[in-house]
Amino acid sequence: MGDSYHLACVPGDGIGPEVVAEARKAVDAAAARFGFGVDWVDFDLGAERFLRTGEALPDVAVKELRETDAILLGAVGRPDVPPGVLERGLLLRLRFELDLYVNLRPVKLYPGVASPLAGVGPDDLDLLVVRENTEGVYAGAGGVVHRGGPMEVATETSIETRAGVERCLRYAAGRARERAGRLTLVHKTNVLTHAGDLWQRAAREVAGDAGVVLDYVHADAACLYLVSDPARFDVIVTDNLFGDILTDLGAAIAGGLGTAASANLNPSSSPSLFEPVHGSAPDIAGTGRANPVAAVLSASLLLDHLGEREAAAAVEAGAVAALPGAAGYSTQALGDRIATA
């Protein structure tokens, strides 16, 4: 028997518990095959917890999560919880509390999945987006005065630090070095001249140190190129807001949210958090129609982060093998196919 891992599971809301159950099934199958142990602990976090207690993320839960090796999250959110409560009180707080400064989202077109882009196949679309995850406009700086009146003012202040920018760039450059040696910085240096200049100067230094080729593309042009010439990109690095937008476009061109996985990483400490990009989809919860592949692929990223590379590759391969004809299977049946594969 090899290593043993203490893994946190946050099933969440809507379809979250359904897809997470199948992702766990795949991880357990990989653990049995590759000889390592897995100890799961469930955390009651999400809309149901908030409506029952008024707490999105209790301090005690943060403390307990810190003691795990990694976190698998399904999805959170329900129509009866006000917008922003769980997004900021649970998801963003976890990113900040655990210093999960890298958001990694593969944009990969798998065999058997159709892209809306004409003539684009799996060989044309296989890239990584590295998004800074704890700064920018999501840092929470700003406020409102004269709320509700004719002179109301609202501000959102983007916070960018050299340390925060540089550590994200170093992670992205390392991933680029492992792949094709190409790194593309996406920003808006023509109008966001202060933050853009910081990112660009730091990117040149980091790329030079890492020995990778650096390209630059404005964020709006990057949207255009993702549609017209996605093979232009191999590893994209960008800030929090642009990364959030680009990766949803990336999911769309790679066939939709059903295969869109993500990782919220601190490469030097535990735990990191892994979740499918999709939401809780309460309208189909309990119907057996939810696609668990994105959650399974997120679990593959979890295993890779833990150093279980063979197991991660096997989980990804199992998910890919189950994709042809996946629409004809229930959530559980598709999870069974993946675990068997």
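Look up a bit, the structure's there.
Note that the structure is a prediction, hence the values are computed from the model and not measured.

I tried to follow the environment of leucine 92 on my own but got confused; where do I start?
Along the chain, leucine 92 falls in helix 4 (residues 85-97). Note on leucine 92: relative accessible area 10%, which makes it buried. Spatially, the C-alpha atoms of leucine 92 and glutamate 55 are 14 Å apart, while their sequence positions differ by 37 residues. When near neighbours in sequence (up to four residues on either side) are disregarded, leucine 92 contacts Glu87 and Tyr138.

In this structure, what is going on with the pattern of salt bridges? I would like to understand it.
Close approach of charged atoms allows side chains with opposite charge to pair. Counted according to the given criterion, the structure contains 26 salt bridges. For aspartate 59, the salt bridge is made with arginine 93, and the minimal N-O distance between the two is 2.6 Å. Taken together, the residues span a long stretch of sequence, with aspartate 59 in helix 3 (residues 59-66) and arginine 93 in helix 4 at a distance of 34 residues. As a salt-bridge pair, arginine 232 and aspartate 215 come within 3.4 Å of each other at their nearest N and O atoms. In this pair, arginine 232 sits in the loop between helix 7 (219-228) and strand 10 (235-238) while aspartate 215 sits in strand 9 (residues 213-218), placing the two residues 17 residues apart along the sequence.

Honestly, the sheet that holds strand 9 in this entry has me stumped. Any pointers?
Backbone hydrogen bonds are what pair the strands of a sheet, in a parallel or an antiparallel way. Pairing within the open sheet is mixed, and its ten strands lie in the order 2-1-3-12-11-4-5-10-8-9. For this open sheet the edge positions go to strand 2 (37-42) and strand 9, each flanked by a neighbour on one side alone. Averaged over all adjacent pairs, the angle separating strand axes in this sheet is 25°, with direction ignored. As judged from the four bridges shared by strand 11 (residues 261-265) and strand 12 (residues 272-276), these two strands associate in the antiparallel manner. Bridge pairing in strand 12 places asparagine 264 opposite leucine 273. Lying on the sheet, helix 4 is in contact with strand 3 (70-75), strand 4 (102-108), strand 5 (126-132), strand 11 and strand 12; it crosses strand 12 at an angle near 145°.

Could you clarify how one ought to interpret the packing of helix 9 (residues 293-305) against helix 10 (residues 309-322) in this entry?
Packed helix pairs are specified by the crossing angle of their axes together with the interaxial distance, meaning the distance between the axes. Contact geometry for helix 9 and helix 10: axes closest at 7 Å, N-to-C directions at 165°. For the element pair helix 9 / helix 10, the angle class is roughly antiparallel. Considering the relative orientation of helix 9 and helix 10, their crossing is left-handed. Between helix 9, through Val293, Val296, Leu297, Ser300, Leu303 and Asp304, and helix 10, the contact on the second element is made entirely by Arg309, Ala311, Ala312, Val315, Glu316 and Ala319. Of the residues belonging to the contact of helix 9 with helix 10, the class tally is eight nonpolar, one polar and three charged.

Just to check I follow, could you spell out the environment of isoleucine 338 for this structure?
Mapped onto the secondary structure, isoleucine 338 falls in helix 11 (residues 331-340). In this structure, the C-alpha to C-alpha distance between isoleucine 338 and alanine 322, residues 16 residues apart in sequence, is 5.9 Å. Once residues lying within four places of it in the same chain are set aside, the contact partners of isoleucine 338 are Ala26, Val293, Val296, Gly318, Ala319 and Ala322.

Help me understand the pairing of strand 4 in this model?
The side chains of a regular strand alternate, residue by residue, between the two faces of the sheet. A large share of strand 4 lies buried, amounting to five of its seven residues. Bridge count between strand 4 and strand 5: seven bridges; the pairing is antiparallel. Directly across from arginine 105, in strand 5, lies its bridge partner valine 129. Two strands pair when backbone bridges link them, and strand 4 and strand 11 are joined in this way by three bridges, in the antiparallel orientation. In the strand pairing of strand 11, asparagine 103 is matched with asparagine 264.

Any chance you could explain the environment of valine 38 here in plain terms?
Along the polypeptide, valine 38 turns up in strand 2. Note on valine 38: relative accessible area 24%, which makes it partly exposed. Along the primary structure valine 38 and leucine 73 are separated by 35 residues, whereas in three dimensions their C-alpha atoms are 16 Å apart.

What is the right way to read the packing of aromatic side chains from this model?
Applying the stated criterion across every chain, the model contains one aromatic pair. On the numbers, 5.7 Å between centres and 75° between planes, the contact of tyrosine 5 with phenylalanine 36 is edge-to-face. Here tyrosine 5 is found in strand 1 (residues 4-12), whereas its partner phenylalanine 36 is found in the loop between helix 1 (16-34) and strand 2, with 31 residues between them in sequence. Neither residue differs from the other here; tyrosine 5 and phenylalanine 36 are each classed as buried. For arginine 232, the ring lying beneath its charged end belongs to tyrosine 225, and the centroid distance is 4.1 Å. The positively charged end of arginine 337 is found above the aromatic ring belonging to tyrosine 329, 4.4 Å away from the centroid.

Procedures and definitions
Residues numbered from 1 in each chain as written. Predicted model: local features only at pLDDT ≥ 70, side-chain atom pairs only at ≥ 80, totals over all residues. Heavy atoms only, no water. Helix = DSSP H or I, 4+ residues; strand = E, 2+ residues; numbered from the N terminus. Buried < 20%, exposed > 50% of the residue type's maximum accessible area, 1.4 Å probe, protein only. Contact = heavy atoms within 4.5 Å. Salt bridge = Lys/Arg side-chain N within 4 Å of Asp/Glu carboxyl O. Pairing = 2+ DSSP bridges. Axes fitted to C-alpha atoms, helices over the stretch in contact; angles between N-to-C directions. Parallel < 35°, antiparallel > 145°, perpendicular 65-115°, else oblique. Left-handed = near helix turned anticlockwise from the far one by under 90°. Nonpolar A, V, L, I, M, F, W, Y, C, P; charged D, E, K, R; others polar. Phe/Tyr/Trp six-rings, centres within 6.5 Å; stacked < 30°, edge-to-face > 60°. Lys NZ or Arg CZ within 6 Å of the ring centre and 35° of its normal.

Keep in mind that these numbers describe shape and distance, not what the molecule does.
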